[in-house]
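# Inside the fold
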Amino acid sequence: MEHPENDPKYVGLNVNKGISRPPVINPYLKSARKKRGNYSPGEYIEQILKGNIIFLSQAVTLLESRKNEHQSIAREIIEKCLPFSGKSVRIGITGVPGAGKSTSIDAFGTYVIDQRHRKLAVLAIDPSSERSKGSILGDKTRMEELSRNPHAFIRPSPTAGSLGGVARKTRETIILCEAAGFDTVFVETVGVGQSETAVHSMVDFFLLIQISGAGDELQGIKRGIMEMADGIIVNKADGSNIEKANLAAAQYRNALQLFPPPASGWTPRVLTYSGYYQIGISQIWDMIDEYISFVKTNGYFDFRRNSQAKYWMYESINEQLKNHFYQSPKIKKELAIKESKVIHSEISSFQAARQMLEMYFKERD
């Protein structure tokens, strides 16, 4: 629209037309996205085996995608990369919120890269909001040294309401990272809870981080998580907190004596350290190296990995069955009806579930 100020009756006024409004969306964005999706599975595999981080990141994104075309490409990439995997040391790291997991991983990772000359991949399972379904994915902000290190790869994955699904994708991501040449893999969990069981089933060494001076030390002694741990480390053992850290470590050692011996034959150890001041990190890595050597000698290392592979086969079957059930159009339609009946107490939840399953299996026949 022309400016009314340019009307001849307004003497002495002249307003330029100006420029057209630029588009809200970057015009180059669509072409850039299209270019990224044009790679064939063979190109992804070739670049991943060369250690190309960009292609590795994009392949992980394909793994996490729910689109069928992306899933088919991701499956082919996984199958072709599988023969080149399995040569890393996989370490699961967990602990209560505030125990300093991200700070510790930053210190551990920097040490293992600089002192042990290894390549490190850090995979973090990040919780998603039950309301917004979004995740912060802010682990890199707390890993300042690693995020700048060219020998480190950090990848957080949102749970998106399905811990089993993201755990399976994390296991597949481990395969891709190993094929890309990463010989050390950290898997960080969201905290003490259900995710620990999933992570324990995909790592070689399970490390539990505890803290002292935060109240009742016995609150940190939970039988389930303690029995899974191959090593326990008490963080923040510095300054005036050293005595409390040593006391907490002694309590954890006493608690471990009450548990049955693990199947590996290894006796879990309890150490103290300071992630912030990077004190005692070399002793922790000596413990991990000694454990890996111990279980490789007695054959438990291969036994554990074989058991994990079998476990994830069954987990994949369960997940596929669940997805297939809920994606059925007839099931979706009938679910809404059954849900209404359950809400109005016309039928029990168990009866509704049984009828839905009978309908599903009859549809398959």
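Everything in this summary refers to the structure shown in the same document. (Residues numbered from 1 in each chain as written. Predicted model: local features only at pLDDT ≥ 70, side-chain atom pairs only at ≥ 80, totals over all residues. Heavy atoms only, no water.)

### Points about the overall build of the protein
Per the secondary structure count, the protein includes 14 helices and seven strands. In the protein, which comprises 365 residues, the proportion classed as buried is 43%. Here the contacts in the protein between residues at least 6 apart in sequence split such that 74% fall between residues at least 24 apart. Just so you have it, the protein exposes about 21,200 Å², and 54% of that area is on carbon and sulfur atoms. (Helix = DSSP H or I, 4+ residues; strand = E, 2+ residues; numbered from the N terminus. Buried < 20%, exposed > 50% of the residue type's maximum accessible area, 1.4 Å probe, protein only. Contact = heavy atoms within 4.5 Å. Areas by Shrake-Rupley, 256 points an atom, 1.4 Å probe, with all protein chains shown as cover.)

### Some points on the pairing of strand E5 (residues 205–211)
In terms of residue burial, E5 counts as a mostly covered element, since seven of its seven residues are buried. Side chains Phe205, Leu207, Ile209 and Ile211 project from E5 onto one buried face, and the interleaved Phe206, Leu208 and Gln210 project onto a second face that is buried too. Alignment of E5 against strand E6 (residues 231–235), held across five bridges, turns out to be parallel. Bridge pairing in E6 links Ile209 to Ile233. (Pairing = 2+ DSSP bridges.)

### Observations concerning helix H14 (residues 349–364)
The first and last C-alpha atoms of H14 sit 23 Å apart over 16 residues, in line with the 22 Å expected at 1.5 Å per residue. What H14 keeps buried is the set Ala352, Met356 and Tyr360. Seen end-on, H14 carries its buried residues on one side only, within an arc spanning 70 degrees. Away from the buried face of H14 by more than 90 degrees, exposed residues Phe350 and Lys362 are located. Buried residues along H14 sit in contact with helix H12 (300–327) and helix H13 (329–343). (Expected span 1.5 Å × (residues − 1). Arc of directions from axis to C-beta.)

### Section: the packing of aromatic side chains
Overall, the coordinates contain 15 aromatic pairs when judged by the stated rule. Seen in terms of ring centroids, Phe186 and Trp285 are 6.0 Å apart; in terms of plane orientation they differ by 25 degrees. Their pairing is stacked. Note that Phe186 is positioned in strand E4 (residues 184–188) and Trp285 in helix H11 (residues 281–298), a separation of 99 residues in sequence. Both residues of the pair, Phe186 and Trp285, count as buried. (Phe/Tyr/Trp six-rings, centres within 6.5 Å; stacked < 30°, edge-to-face > 60°.)

### Things to note about the pairing of strand E1 (residues 89–95)
The element E1 is largely enclosed, with a buried count of seven among its seven residues. The side-chain alternation of E1 yields two buried faces, one formed by Val89, Ile91, Ile93 and Gly95 and the other by Arg90, Gly92 and Thr94. Relative to E5, E1 is paired through five bridges, and the arrangement is parallel. Across the sheet, Ile93 pairs through a bridge with Leu207, a residue of E5.

### Observations regarding unusual backbone geometry
Phi at Gln278 takes a positive value of approximately 55 degrees, unusual for a residue other than glycine. Relative to the helices and strands, Gln278 resides in the loop between strand E7 (269–272) and H11. Among the residues examined, Gln278 registers a relative accessible area of 48% and is labelled partly exposed. At Ser345, a residue that is not glycine, the phi angle is positive and equals roughly 60 degrees. When you line up the elements, Ser345 lands in the loop between H13 and H14.

### Here's the deal with the pattern of salt bridges
A full pass over the atoms with the stated rule returns 14 salt bridges. One salt bridge in this structure joins Glu64 and Arg155, with 3.2 Å as the shortest N-O distance. Placement of the pair is Glu64 in helix H3 (residues 53–64) and Arg155 in strand E3 (residues 152–158), with a sequence separation of 91 residues. Assessed through its relative accessible area of 25%, Glu64 is described here as partly exposed. A salt bridge links Asp286 to Arg116; the shortest N-O distance between them is 3.1 Å. Within this pair, whereas Asp286 is found in helix H11, its partner Arg116 is found in the loop between helix H5 (101–114) and strand E2 (120–126), the two being separated by 170 residues in sequence. One network of salt bridges, with partners in common, ties together Arg116, Arg118, Asp286 and Asp289. (Salt bridge = Lys/Arg side-chain N within 4 Å of Asp/Glu carboxyl O.)

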